Each structure stands twice: as structure tokens, then as C-alpha cells.
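# Observations on the model geometry
The primary structure of each chain is shown beneath.
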Amino acid sequence: MIHLVHWALALTLFGAINWIGSHAKPSGYISLSVFVKKDEAPAFNFLFRVLGPIVFVVIVAAVFYWLNWDRLVEGIWRVVLYHLAFRLAFNLVLNRALLLNWGREVLIWATSLAVVVPLYGYVISVRQYLLPDAQSVTNELWVIVVLFIYSTLNNIQLKPEASAKRKGRYLRNSYKALQSKYHNVVEYEAPDLFAESIIYTIMVYESFNRPRAVQFVEHLLFPWYSRTLGPMQVKTKNRLSAVESVRLGARRVAASYQRARKHVELYPNYEATGELSDDQVLWEVAAEYNRDDNYVRDIRELNSMVLERFYPGLYREPGVIYNASTPNPPLQTDEGS
């Protein structure tokens, strides 16, 4: 019974931490992502992940004492351990191992357990010790010291090179895996390499948000659970295999791409120079696939990364136009293959 309650608390904690983190981005919170992001608040992110679960346990233990459910406080430090294990399993099941900073993850685990275990043994497990001691001024002194250290560390900005390497490895592995499975379908449906890069961009992005395990569940529960299927999360009324869903998604992107090109050809810049704005074409294709502004922004950013690594002949710095009359260069990758 106690273990079930603690597992339920760990699951609740997992959801609470994610919700609070998503609303703490103005404070510098950084979430796991395929995009390279500079950690502007390393102290906040580290302490939030370490102390957040511990504060949760302290509050829950105080509530249990207040309700006279003292027995549920026994071994409540394990909620932190279960939460860490659940978060690790969640990222592994969603195939995000390459995105994790394993050194930092181990440090967070070690620090969290090193704090919560003795805290439980000396304070939380003793009912009368859980409330703050108002008789000692030393408590306030240590609060000042901790706030000073926190403020100092928060002004330290870490270099994003290591994060960029992890994102690059994840993107390369994800792209290679998708290309090896669906290259025949994509090459057949895509009118040119730029359109092909957009198809793979959408596949990588959707597969990050809906990994294979989730796609498998969606396929089993279709159409009651979801109306989108496969690596490209295509909207459909019929149950489709992964290959069929990619074919349908690629076909839709290709048709959208052709419409976007014809639309952009009406722009004054094309009439004057005969050159298309690749960014405008990409924007229209992404917006037609999913009209959410954040989705369009993410696809544009991710496509730039895909072009730079796997289609260097098509890559342009943001704002540079794409000459549609130039033949597509041969496909290349960052490994020279």
C-alpha cells in the first residue's frame, strides 16, 4: 500500500515538474529538445531539478502528518528515487537517450539522493522536526549564503558546444534511421531535394514528439485514441501502415510544396530575378501541414539544421534566396556519404 502511494506520488511529481517547468521559461528553464539552446540559467535549471522533487516530498510529508497519516511518511524519500527512475525510463522509451547530458543527469541523481536521504533520516521522519526552527538565527544566515551562491552561479553562462554535439548526434541518427526505412517512398514522391528535405524535417520533428512506442500505441488504438498515424503523424480516417502513412504524408507535402512554389512565383522578387525564397516556400508548406505558429517556427529552424548537415548544396544562411532554376546538387551528408 505504501509503495503504491509513493509510486502514485512520483507520477504526480513527474507531471507537476513538467507543468511548472513549462511555465518557468521566463526564469530560464530549459527543456529537452532537438534544438540547440543556450542554458541562460544553469543554476536555476540544476537546482530546480534537484530541489523541486525534495520540496514536493517535504510538503507532502507535512500534509500527511497534518492528516495523521504518519505511516505514509515512512520511506517517503523513495518518491524522489521513483521520480528519477520514471523520468529516465520515459526518456529512454521515447528514444531520447542521445539528447541527454548523461554527466549532468548522474550529478542530479547523486545530488538529489545525497540531500533527500539524510533529510528524511534527520528531519522528515521525525514529526516534530519537520516545521522550521524559529529559535535559531543561523537558519536565516544560511538562507542568505545560499541565495548569494545561487545568484552568483546563475550569472555563469555555459557554452552550448556540448549541447550542440548531442543535438547533432540525435539528428544524424534520427535522419539516418528514417532515411534507411523510407528513402524509396520519399525520393519517389518528392519533386526535388528541397522538398525531400522538408519531408524528412517533418518526419524527424514528428518522430521526436511521437516516438515509435507512442506510434505503436496510436496504431493499436486508432481511431479512438488519435486520428493521426505514423512517423509523419498524417491525419487519416483509415488505419495505415508506417510506410503507407509516410507515402501519404510525403505526397501531401509534395503537393503543398508545388502550390507554394507557384504562389511565391507571383511575388515581385521572382518576376524580377527568377529566384524563389526558400524560406517563404518552407513557411507555406509547414503552415499548410500544421497551422500552429510554434510548429511552423520549429520546422523552419529544424529544416535549416537538416539542410546544413545532409543537403549542404542547398543550405543557405537565413534570408538567402534559393535559385529554383539551378539543378539540384547530389545528396550529401555530414559524414561524406
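Residues numbered from 1 in each chain as written. Predicted model: local features only at pLDDT ≥ 70, side-chain atom pairs only at ≥ 80, totals over all residues. Heavy atoms only, no water.

### Examining the overall build of the chain
Tallying secondary structure elements over the chain gives 12 helices and two strands in all. When the helices and strands of the chain are placed in sequence order, the string is α-α-α-α-α-α-α-α-β-β-α-α-α-α. Within the chain, contacts between residues separated by at least 24 positions form 65% of all contacts whose residues are at least 6 apart in sequence. On the chain, roughly 18800 Å² of surface is accessible, and the fraction owed to carbon and sulfur atoms is 61%. (Helix = DSSP H or I, 4+ residues; strand = E, 2+ residues; numbered from the N terminus. Contact = heavy atoms within 4.5 Å. Areas by Shrake-Rupley, 256 points an atom, 1.4 Å probe, with all protein chains shown as cover.)

### Points about the packing of aromatic side chains
Taken as a whole, this structure holds 10 aromatic pairs when the rule is applied. Taking 3.9 Å as the distance between ring centres and 5° as the angle between the ring planes, the aromatic pair formed by Y175 and F310 counts as stacked. With Y175 in helix α6 (residues 161-189) and F310 in helix α12 (residues 293-310), this pair connects stretches of sequence that are 135 residues apart. For F310, a relative accessible area of 0% gives the class buried. (Phe/Tyr/Trp six-rings, centres within 6.5 Å; stacked < 30°, edge-to-face > 60°. Buried < 20%, exposed > 50% of the residue type's maximum accessible area, 1.4 Å probe, protein only.)

### So, the environment of H219
Locating H219 in the fold gives a position in helix α8 (residues 212-221). Taking relative accessible area as the criterion, H219 reaches 29% and is therefore assigned partly exposed. H219 sits 22 residues away from S241 along the chain, and the two C-alpha atoms are 8.4 Å apart. When neighbours within four sequence positions are excluded, H219 is seen to be in contact with L229, R239 and L240.

### Examining the side chain of H6
Take H6: it is sitting in helix α1 (residues 2-22). For H6, the side chain forms a polar contact with the main-chain oxygen of L72, separated by 2.8 Å. Beyond its immediate stretch of four places on either side in the chain, H6 contacts L72, E74, G75, I76, V79 and Y82. (Polar contact = N/O pair within 3.5 Å; in protein donor to acceptor, adjacent residues only side chain to side chain.)

### Concerning α12
With 18 residues, α12 ought to run about 26 Å at 1.5 Å a step, and its terminal C-alpha atoms sit 26 Å apart, in line with that. A side-chain oxygen of the first residue of α12 lies 3.1 Å from the backbone nitrogen of N294; this N-cap is D292. (Expected span 1.5 Å × (residues − 1).)

### Some thoughts on the pattern of salt bridges
Inspection of the entire model under this criterion finds six salt bridges. One salt bridge connects E288 with R259, and the closest N-O pair in it is separated by 2.2 Å. Pair noted here: E288 is in helix α11 (residues 278-289) and R259 is in helix α9 (residues 242-264), with a separation of 29 residues, a long-range link. A residue is classified by how much of its surface remains accessible, and R259, at 45% relative accessible area, is partly exposed. (Salt bridge = Lys/Arg side-chain N within 4 Å of Asp/Glu carboxyl O.)

### Concerning the environment of A195
Mapped onto the elements, A195 comes out in helix α7 (residues 193-209). Under the relative-accessibility criterion, A195 is labelled buried at 0%. For the pair A195 and V281, spaced 86 residues apart in the sequence, the C-alpha separation amounts to 9.6 Å. Residues contacting A195, with those up to four places away along its chain left out, are A190 and Y257.

### Let's talk about the packing of α7 against α9
Look at α7 against α9: their axes get within 10 Å of each other, and the N-to-C directions meet at 130°. In terms of their interaxial angle, α7 and α9 are classed as oblique. Taken as a pair, α7 and α9 cross one another with a handedness that is right-handed. Of α9, the residues touching α7 (which contributes F194, A195, I198, I199, I202 and M203) are V246, A250, V253 and Y257. (Axes fitted to C-alpha atoms, helices over the stretch in contact; angles between N-to-C directions. Parallel < 35°, antiparallel > 145°, perpendicular 65-115°, else oblique. Left-handed = near helix turned anticlockwise from the far one by under 90°.)

### A short note on the confidence of the model for the chain
Within the chain, residue pLDDT values average 77, and 73% of them lie at 70 or more. Per-element averaging of pLDDT across the chain places helix α10 (residues 268-273) at the bottom with 54 and α7 at the top with 92. Low pLDDT (under 50) marks residues 319-337, which in the prediction has 48 contacts with non-local residues, meaning those over four places away or in another chain. (pLDDT = per-residue confidence, 0-100.)

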